[in-house]
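Per-entry structural report
Given next are the chains, with one letter for each unit.
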Amino acid sequence: MPQPPKGDDPLLRRSEIATLAGVSRPTVTAWEKQELDFPTPRRSSGLDYFRQSEILAWLDQRPVPRRGLAGGEEHGIVYGARARRNMATDIPSHASPGRGPRPKPAVDSPSPDDQRVVQELMGKVVDRVRGAASDIDYLNLLFSLHHLRGVGGLRWTDLLARARRLEGLPAAAELLLDVGKAVDEDMRRVTVDSTMAEALARLEPRTARDLWKVFDGVARLREEMFGLILDEYERRAALGSGEFFTPRAVVRLMTDLACAGFGPGKPSSVYDPFARGGEFLVEAAAAFAGDQDEEPVVTVRAWGQTRRADTWRLANMNLALHGVQPDVELSRAVPWESDARRSAPVPFDIVLTNPPFNMKDSVAHERERGRWPYGPPPADNDNFAYVQHALSMVGEGGRVGIIMPNKAGNSGHRAEQEIRKKLVEDGVVDCIIALPEKLFTGTSVPVSVWLLRHPGSPCDQVLFLDASKLGTKSGPRRVLGKGEIQSLLGAYAACRAGDRQPAALDMKAGMDSVPSALVSRQELLARNCSLNPIEHIQVGHSQEDSEGALANGWDRLDELKGRLLRAQRATAELPYMGLRESPTHRDDHPGPPVPLVALCEIKAGPSFSRLGAAQRTADGDVPVVFPRHLKDGRISDARNVLVSGETAHRLSAFSLEEGDIVCIRSGAIGAPALVRGKQAGWLMSPNVIRLRVKDQDAVLPEYLLYCLCREEAVSWMRDRAASTAAPSLRTESLGLLQVHLPPLSEQRAIAKTLVGLDELECLHQEFAAVLRQTRTSLTDVLTRPRTEPGPPPRPGTFTAQVMRHQLRFEKDDRL
């Protein structure tokens, strides 16, 4: 990991000021007391610090008296010149922002080992180390150790060695204090007033060994895990919508969208008015340097503001660890009422932010304070205040990416309607993307990404993309995968390449189809300037699309009818199908029932510690089978829960093979399912049990599956599961289930017939689903307003089509 870059405006103690100016320490104290314009100190951890830039500006106005001249100095020299000379010779120079280590993005998919270590660090050891302190204080310890490990050097080696040989709690307390002081000193060198020493002093580890476990865990982390720890920080801090961090996939999407269209060397500056954990600043700085040579050729400027002290500290540490000059400002005022424009290096190339939003339809009066070129927003709703502030901070050709609640796109408040109208008229609205629900921990409010332009480069059409159905479930949240992000970026790039309607675009191979609509400014003004993607994508669904879907529906019905007829005839030839009474005649009477354990190897899934939430990833390669994937004797698509190939290899003892039977272990006990060929290599979850037939010359897996799917067998398993303290089916209990085994030839005949009936049922279900879709398409064609002149649809078309199909079915074996 690279060493954090040193800032170009570090914090100085009074003794350091004296060294720079070439005076005694008491002289600095005298200046401070006697000179009214002497810079004001900033207090941190009980000590005073001064910004170097303010000190130099003050020294530039103060000549060195004749009696104080040093050798070689001429009369009239100012203390500022002397200080700069001393900075160049005696004090190591500070790297400029963006000229140090190359900024690097956050890790999207941490390795399973790193996930496991973080999971251990968030386990029982939390309570054993924090004592009466808060979870946040403990997490500050993790951030501090992770920072020191990233910096490396003898200091980290010494701290780790001290932790290894700790004896007694006094030594542990002293070590914690030294860790906090080391981090505070590093942060002050990059102009951040840190108070980690105070936070770590509140920790009360039970034993020295408990503290060593934390040091050892951090030392074993192999990658940049700041983001993974931030996720846990967010969960434990119970942050609301004003403080939760932005998911990394959304950060990557917004950054790539905002950076699209810039030429070489651009963009090079980014601003976030609500910086949270600094995730947008980190990603943007890494994107700026991503296409450059080994040594960056542009100066990266990343500046932000935040209103919460603990996330402000974390944001700056996050930037430092990723090779970005920390420059997040703590401000109690909202950004448009602060001195942001005066203190910030404006204008910026891009602004990226996820501000706290308000869902209320405000009835308050419009606010008076602030500059509002598109109209004053409601006084109790900051949604459009952040939009206008962000636009005011970008220069010509700049872009703004901002997360907004869907409600802001179509709210009925008069002031917000007027602001949307002026935004559309000015051509600053570029693209709106509706995101899936439950992406964020702190809120379930549906949100969208708004991509805006500087008004100097307006666009005539607004692209709307509907990503609300994308993402996979991961615990209580949904996660966007890399492929889905690329689909959205591809749809945007393809559309903006020629401002063509999305329906005419050919998506790249492997990309998912993204519902979209390209709407002109005139159309938006006619539709009350709604910026809700769902409304426009539904309106943009053309009559030609509906008629095409209808024609395709009739073709699919014809094709399925043929398949149904063939399946019906094949089913009629299966064994036992000619019997109208119970098939009591059997070739041979089966022998005594056999316990399941004699027929199968029975294995439960891995423990949650080996295959829990930390091991799952939206970008994995191997699906994991959970009870919810077992339905009607089949395993449905389990690709919404994935693990990496490395994890699957480590848990290969729990992989599935073709012919295995999967039973539910815990939860609502239902019928088991058979593993088919395409599912070989998938993994069992902790909630299931695998049955693997020992000898397929004695029992067929298909026959055994139907035996276990009988209502009596399922009821038997439910009863055994309910008899435990926590409802769960044990492998030993399942092994006692009795199964009747006829001869192998009869097993084949039974399995063949039941499989044939299952296939016929599936075809009927598919036919019914296509019939419903066709009816929906026809309803759309018959009832939608016609936008082009033409003859009305012929009456009775749907009825006539259905009657024709019905007559064909009655003619062909009464299907």
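Residues numbered from 1 in each chain as written. Predicted model: local features only at pLDDT ≥ 70, side-chain atom pairs only at ≥ 80, totals over all residues. Heavy atoms only, no water.

As for the overall build of the protein
Here is the rule we go by: For the purposes of this entry, the term helix denotes a DSSP run of H or I that reaches at least four residues, the term strand denotes a run of E that reaches at least two, and both are numbered from the N terminus. Each residue gets one of three labels from its accessible area relative to the maximum for its type: buried under 20%, exposed over 50%, partly exposed in between, using a 1.4 Å probe on protein chains only. Two residues qualify as a contact provided that any one of their heavy atoms is within 4.5 Å of a heavy atom in the partner residue. Calculation of accessible area relied on Shrake-Rupley with a 1.4 Å probe; when residues are assessed, cover is drawn exclusively from the protein chains displayed.
For the protein, the helix and strand inventory stands at 30 helices and 25 strands. For the protein, with 815 residues in total, the buried portion stands at 50%. Across the protein, every contact between residues at least 6 apart in sequence was considered, and the portion connecting residues at least 24 apart equals 76%. Surface exposure of the protein reaches about 37,600 Å², of which carbon and sulfur atoms provide 50%.

A word on the sheet that holds strand 22 (residues 673–674)
This is how the line gets drawn: At least two bridges found by DSSP between two strands are what make those strands a pair.
Read across the open sheet, the four strands follow the order 16-24-21-22; overall the sheet is antiparallel. Both outer strands of the open sheet, strand 16 (600–604) and strand 22, are each paired with one neighbouring strand and no more. Direction of pairing for strand 21 (residues 661–664) relative to strand 22: antiparallel, over a ladder of two bridges. Each bridged residue has a counterpart across the sheet, and for Ile661 the counterpart in strand 22 is Leu674.

Here's the deal with the environment of Gly80
When you line up the elements, Gly80 lands in helix 4 (residues 79–89). Assessed through its relative accessible area of 0%, Gly80 is described here as buried. Once the C-alpha coordinates of Gly80 and Leu56 are considered, the two residues, 24 residues apart in sequence, prove to be 5.5 Å apart. Apart from the residues within four sequence positions on either side, Gly80 is in contact with Leu59 and Asp60.

Focus on the packing of aromatic side chains
Filter applied, for reference: Between 30 and 60 degrees the pair is tilted, below 30 it is stacked and above 60 it is edge-to-face, where a pair is any two Phe, Tyr or Trp rings, Trp via its six-membered ring, whose centres lie within 6.5 Å.
In total, this model carries twelve aromatic pairs according to the counting rule given. When the centroid spacing of 5.2 Å and the interplanar angle of 20° are considered together, the rings of Tyr271 and Trp303 count as stacked. Here Tyr271 is found in strand 4 (residues 269–272), whereas its partner Trp303 is found in strand 5 (residues 301–306), with 32 residues between them in sequence. Across this residue pair, the class does not change: Tyr271 and Trp303 are buried. The interplanar angle of 20° and the centroid separation of 5.3 Å between the aromatic rings of Tyr271 and Phe348 together place this pair among those described as stacked.

A word on the pattern of salt bridges
The criterion, for reference: Between Lys or Arg on one side and Asp or Glu on the other, a salt bridge is scored when a side-chain nitrogen of the former is within 4 Å of a carboxyl oxygen of the latter.
Applying the stated criterion to the full structure yields 26 salt bridges. Notably, a salt bridge pairs Arg14 with Glu32, separated by 2.7 Å at the nearest N-O pair. Remark: Glu32 occurs in helix 2 (residues 25–34) and Arg14 occurs in helix 1 (residues 14–21); sequence separation between them is 18 residues. Residue Arg84 is joined to Asp60 by a salt bridge in which the shortest nitrogen-to-oxygen separation is 2.8 Å. Separated by 24 residues along the polypeptide, Arg84 in helix 4 and Asp60 in the loop between helix 3 (52–59) and helix 4 bring together distant segments of the chain.

Brief notes about the sheet that holds strand 8 (residues 394–405)
Operational definition: Angles shown run from 0 to 180 degrees and are taken between the N-to-C directions of axes, each axis being a line fitted to C-alpha atoms and, for helices, limited to the stretch in contact.
Spatially, 6-5-4-7-8-10-9-11-14 is the arrangement adopted by the nine strands of the open sheet, whose pairing is mixed. Each edge of the open sheet carries a strand with a single partner, namely strand 6 (328–330) and strand 14 (516–520). Shown here is a sheet whose adjacent strand axes are inclined to one another by a mean of 15°, direction ignored. Here five bridges tie strand 9 (residues 429–434) to strand 10 (residues 447–453), and the two strands are oriented antiparallel to one another. What sits directly across from Val429, in strand 10, is Leu452. Sheet contacts for helix 15 (residues 309–321): strand 5 and strand 6; angle to strand 6, the most-contacted strand, approximately 165°.

Quick notes on helix 3
Definition in use: What the arc covers is the set of directions going from the helix axis to the C-beta atoms.
Along helix 3, the residues that are buried comprise Gln52, Ile55, Leu56, Trp58 and Leu59. Looking straight down helix 3, one finds its buried side chains confined to an arc of 160°; they lie on one side.

Here's the deal with the pairing of strand 11 (residues 461–466)
Burial runs high along strand 11: six of the six residues are buried. Side chains Gln461, Leu463 and Leu465 project from strand 11 onto one buried face, and the interleaved Val462, Phe464 and Asp466 project onto a second face that is buried too. Relative to strand 11, strand 9 runs parallel, the two being bridged by four bridges. Among the inter-strand pairings, Ile433 is bridged to a residue of strand 11, identified as Leu465. By the bridge criterion, five bridges tie strand 11 to strand 14 in an arrangement that is antiparallel. Its bridge partner being in strand 14, Leu463 is matched across the sheet by Leu518.

Concerning the packing of helix 7 (residues 135–151) against helix 15
What describes two packed helices is the angle between their axes and the distance between those same axes. Inclusion rule: Each angle is binned into one of four classes, with values under 35 degrees roughly parallel, values over 145 roughly antiparallel, values of 65 to 115 roughly perpendicular, and all other values oblique. Rotating anticlockwise by less than a right angle from the far helix to the near helix defines a left-handed crossing, while the corresponding clockwise rotation defines a right-handed one. Three residue categories are used. Nonpolar comprises Ala, Val, Leu, Ile, Met, Phe, Trp, Tyr, Cys and Pro, charged comprises Asp, Glu, Lys and Arg, and polar comprises the others, including Gly.
Between helix 7 and helix 15, the shortest axis-to-axis distance is 10 Å and the interhelical angle comes to 20°. Judged on the interaxial angle alone, helix 15 and helix 7 are roughly parallel. The interaxial crossing formed by helix 7 with helix 15 has left-handed handedness. Contact residues: helix 7 offers Asn140, Phe143, Ser144, His146, His147 and Gly150, while helix 15 offers Arg313, Leu314, Met317 and Leu321. Along the lines of polarity and charge, the residues of the contact of helix 7 with helix 15 split into four nonpolar, five polar and one charged.

Overview of the confidence of the model for the protein
Rules: The quantity called pLDDT is the predictor's confidence in a given residue, expressed from 0 to 100.
Residues of the protein with pLDDT of at least 70 account for 78%, and the chain-wide mean is 80. Scored below 50 in pLDDT, residues 793–800 makes five contacts in the model with residues more than four places away or belonging to other chains. Of the regions scoring below 50 in pLDDT, residues 805–815 engages in 18 contacts with residues more than four places distant in sequence or in other chains.

A short note on unusual backbone geometry
One non-glycine residue, Arg276, lies in positive phi territory at about 45°. Positionally, Arg276 belongs in the loop between strand 4 and helix 14 (279–290). Backbone geometry places Asp632, a non-glycine residue, at a positive phi of 55°. Here Asp632 lies in the loop between strand 18 (630–631) and strand 19 (634–635).

Looking at the nonpolar core
The cut-off we apply is this: We define the nonpolar core as a collection of buried residues of types Ala, Val, Leu, Ile, Met, Phe, Trp, Tyr and Cys that are connected through side-chain atoms lying within 4.5 Å of one another.
If you look at the biggest cluster of nonpolar residues, it comprises 93 residues, and the most contacted ones within it are Tyr138, Leu141, Leu142, Leu211, Val214, Phe215 and Ile433. Apart from the residues within four sequence positions on either side, Leu211 is in contact with Val129, Leu141, Leu166, Ala172, Leu175 and Leu176. Judged by nonpolar contacts, the second largest core, of 50 residues, contains Ile635, Leu700, Leu729 and Val739.

Here we look at helix 26 (residues 701–709)
Of all the nine residues making up helix 26, seven are buried; the element is thus mostly covered by neighbouring parts of the structure. All buried positions along helix 26 are accounted for by Pro701, Tyr703, Leu704, Leu705, Tyr706, Cys707 and Leu708.

Digging into the environment of Leu451
As for its position among the elements, Leu451 is in strand 10. Remark: the alpha-carbon pair of Leu451 and Val400, spanning 51 residues in sequence, is separated by 5.7 Å. For Leu451, the residues in contact, after removing those within four places along its chain, are Leu257, Ala258, Val400, Val428, Val429, Asp430, Cys431 and Tyr492.

A closer look at the side chain of Ser644
For clarity, the threshold we go by: Within 3.5 Å is the distance limit for a polar contact, defined as a pair of N or O atoms, with the added protein rule that one can donate a hydrogen and the other accept it, and that residues adjacent in sequence qualify only through two side-chain atoms.
With respect to the helices and strands, the residue Ser644 is situated in the loop between strand 20 (642–643) and helix 25 (645–650). Side-chain polar atoms of Ser644 contact the side chain of Thr647, separated by 3.1 Å. Beyond its immediate chain neighbours, meaning those up to four positions away, Ser644 contacts Pro112, Thr617, Gly620 and Asp621.

Brief notes about the packing of helix 7 against helix 9 (residues 169–189)
Where helix 7 contacts helix 9, the axes come no closer than 10 Å and their chain directions differ by 65°. The element helix 7 and its partner helix 9 pack so that their crossing is left-handed. Here Leu141, Ser144, Leu145, His147, Leu148 and Val151 of helix 7 come into contact with helix 9, specifically with Leu176, Val179, Ala182, Val183, Asp186 and Met187. In terms of residue class, the contact of helix 7 with helix 9 is made up of nine nonpolar, two polar and one charged.

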